[in-house]
Amino acid sequence: MKYEEVLKNAREKFNGSCRVCRICDGVACRGEVPGMGGKGTGNSFIENVKALDRVKINMRTIHNVSDPDTSIELFGQNLSVPVMAAPITGTTINMGGQVTEREYIEPVVLGCKNKGTYAMVGDTAVPQFLLDNLDVMKENNAPGIVFIKPWENENVIGKIKDAEKAGAIAVGVDIDACGLVTLNLHGTPVKAKSVEEIKELVASTELPFILKGIMTPDEAQKAIEAGVYAIVVSNHGGRVQDYTPGTADVLSEISKVVDGRIKVFVDGGIRTGVDVLKMLALGADACLIGRPFVTASFGGETEGVELYIDRLESELKGAMTLTGCQDLKSIDPKVLYQSK
């Protein structure tokens, strides 16, 4: 299967909920929430892509780098690439209704497992979706990371226990979902969390705990205070708040404040291996990618997901070769062009 076929098949299966544009930048789907777009004007989704586009790379070709190493160790496993599939849930709500939750998530979980990385799964207003996701992880003996919406803590802790039983290697809360309109529309309200509430969630499990939805240095500091293993710099794909900056614009300052004390992951507008290189140079330890994994699953099932991961690895290796980076540790701000 060629990747062009994946895109064509996906366009049909999305049933109009996603146009599978040549550049996935949020313009055609602006305001389509529910759907695959960004909230309101769509500015936050669009700005994620624009912020990354503004980051330029210094090309270096006099060096001894060959066959760069794209691997990284996370959660006790050596990953082939510093990329994980972001938690996207809600096929019937957002993705056109032609593909079930299980039909969508199983190829993502299996494709990531087969290619040596992690799939993240999540929950939403339909409780069965999380159960389906956990069943897929367990049945396929696939290590995965489970994200739970910021419900009341008692509810979150119950779902963390379900994730533990399913063999999750880490759990987290996408705290940026506290403003997600689709949840309130279904009568399942979510809420922001205090540092003390986050501490309670961290203490409820022995698994690494990830807090997703950090966009400012001071909130990164609060996450550290709460004892999390990692944060995800994220504006929820532009789906919760209009007119936020792109994640690439805020990542560097957040990473400087964190200063290696916890892991820093990032999502938002990442589409290619070159984008991954940019985010690592800005200070991320690894990246999450969302919408393209949905497209890959819809359009090519497990093979489509594997094709996409292969594509990312090839692009990242090429970018590392042309910036003189032999491994991920050598990717730092020196690869970025700073205008005078």
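Above: the structure in question.
Residues numbered from 1 in each chain as written. Predicted model: local features only at pLDDT ≥ 70, side-chain atom pairs only at ≥ 80, totals over all residues. Heavy atoms only, no water.

### Focus: the overall build of the protein chain
Working step 1: In terms of regular secondary structure, the protein chain is built from 12 helices and 10 strands.
Working step 2: Over its C-alpha atoms, taken along the principal directions, the protein chain stretches across nearly 60 × 45 × 40 Å.
Working step 3: Taking all 340 residues of the protein chain together, the buried fraction comes to 56%.
Working step 4: If you take every contact in the protein chain between residues at least 6 apart in sequence, the share linking residues at least 24 apart comes to 72%.
Working step 5: Surface summary for the protein chain: the accessible area is close to 14,000 Å², and the carbon and sulfur share equals 51%.
Working step 6: Of note, the protein chain has its 37 positive side-chain charges centred 4 Å away from the centre of its 45 negative side-chain charges. (Helix = DSSP H or I, 4+ residues; strand = E, 2+ residues; numbered from the N terminus. Buried < 20%, exposed > 50% of the residue type's maximum accessible area, 1.4 Å probe, protein only. Contact = heavy atoms within 4.5 Å. Areas by Shrake-Rupley, 256 points an atom, 1.4 Å probe, with all protein chains shown as cover. Lys, Arg positive; Asp, Glu negative; His and termini not counted. Charge placed at Lys NZ, Arg CZ, Asp CG, Glu CD.)

### Some points on the layout of surface pockets
Working step 1: Estimates place the volume of the largest pocket at around 750 Å³.
Working step 2: As for the largest pocket, its lining consists of 34 residues, of which Cys21, Arg22, Ile23, Cys24 and Arg271 are closest to the centre.
Working step 3: Looking at the lining of the largest pocket, the elements that each hand over two or more residues are helix 1 (3-13), helix 2 (43-54), helix 11 (273-281) and helix 12 (291-321).
Working step 4: Ranked by residues supplied to the lining of the largest pocket, first place goes to helix 12 with 7 residues.
Working step 5: For the lining of the largest pocket, the per-class residue count stands at 18 nonpolar, 4 polar and 12 charged. (1 Å grid on protein atoms, 1.4 Å probe; cavity = no way out; pocket = protein on both sides within 12 Å on 5 of 7 lines; lining within 4 Å. Points joined across faces, edges and corners; volume = space filled by probe spheres on them. Nonpolar A, V, L, I, M, F, W, Y, C, P; charged D, E, K, R; others polar.)

### Some remarks on the nonpolar core
Working step 1: Judged by nonpolar contacts, the single largest core of 112 residues is most densely connected at Met84, Phe209, Ile231, Phe265 and Met279.
Working step 2: It is helix 12 that provides the largest number of residues to this core, a total of 11 residues. (Core = buried A, V, L, I, M, F, W, Y, C linked by side-chain atoms within 4.5 Å.)

### Some thoughts on unusual backbone geometry
Negative phi is the rule for most residues except glycine; trans is the rule for most peptide bonds.
Working step 1: Going from valine 33 to proline 34, the amide bond is cis rather than trans, its omega being 5°.
Working step 2: Residue position: proline 34 is located in the loop between helix 1 and helix 2.
Working step 3: Of note, the phi angle at histidine 236 is positive, near 60°, even though the residue is not glycine.
Working step 4: Assignment of secondary structure puts histidine 236 in the loop between strand 8 (230-233) and helix 10 (247-258).

### Thoughts on empty space enclosed by the protein
Working step 1: One pass over the full model with this rule turns up 1 cavity of 30 Å³ or more.
Working step 2: Quantified by volume, the largest cavity comes out at close to 410 Å³.
Working step 3: Around the largest cavity sit 28 residues that line it, and Pro87, Ile88, His236, Gly237 and Arg239 are the ones nearest its centre.
Working step 4: Residue assignment for the lining of the largest cavity shows that the elements contributing at least two residues are helix 2 and strand 10 (286-289).
Working step 5: The residue makeup of the lining of the largest cavity, split by class, is 10 nonpolar, 10 polar and 8 charged.

### A few points about the environment of threonine 302
Working step 1: Note that threonine 302 resides in helix 12.
Working step 2: Considered as a pair, threonine 302 and lysine 278 are 24 residues apart in the sequence and their alpha carbons are 27 Å apart.
Working step 3: Those residues in contact with threonine 302 that sit more than four places away from it in its chain are Pro107, Leu110, Gly111 and Asn114.

### Observations concerning the packing of helix 1 against helix 12
Working step 1: Where helix 1 contacts helix 12, the two axes come as close as 9 Å, and the packing angle between them is 160°. Overall, the two elements helix 1 and helix 12 adopt an arrangement that is roughly antiparallel. Judged by the sense of rotation from one axis to the other, the crossing of helix 1 with helix 12 is left-handed. Listed contacts from helix 12 to Tyr3, Glu5, Val6, Leu7, Asn9, Ala10 and Lys13 of helix 1 are Pro292, Thr295, Ala296, Phe298, Gly299, Gly300, Glu301, Gly304, Leu307, Tyr308 and Arg311.
Working step 2: Partitioned by chemical class, the residues of the contact of helix 1 with helix 12 number 9 nonpolar, 5 polar and 4 charged. (Axes fitted to C-alpha atoms, helices over the stretch in contact; angles between N-to-C directions. Parallel < 35°, antiparallel > 145°, perpendicular 65-115°, else oblique. Left-handed = near helix turned anticlockwise from the far one by under 90°.)

### So, helix 1
Working step 1: When helix 1 is considered as a whole, its buried residues turn out to be Tyr3, Val6 and Ala10. Seen from one end, helix 1 has its buried residues packed into an arc of 45°, which puts them on one side.
Working step 2: Those residues of helix 1 that are buried are in contact with helix 12.
Working step 3: Count one or two residues on from helix 1 and you reach asparagine 15, which has phi positive near 55°. (Arc of directions from axis to C-beta.)

### Remarks on the pattern of salt bridges
Working step 1: In this structure the tally under the stated criterion is 16 salt bridges.
Working step 2: For the salt bridge of lysine 161 with glutamate 164, the shortest nitrogen-to-oxygen distance reads 3.7 Å. On the criterion of helical spacing, the pair formed by lysine 161 and glutamate 164 is a turn pair, its members being 3 residues apart in helix 6 (residues 153-165).
Working step 3: Through salt bridges with shared partners, a single network forms among Glu47, Arg54 and Asp249. (Salt bridge = Lys/Arg side-chain N within 4 Å of Asp/Glu carboxyl O.)

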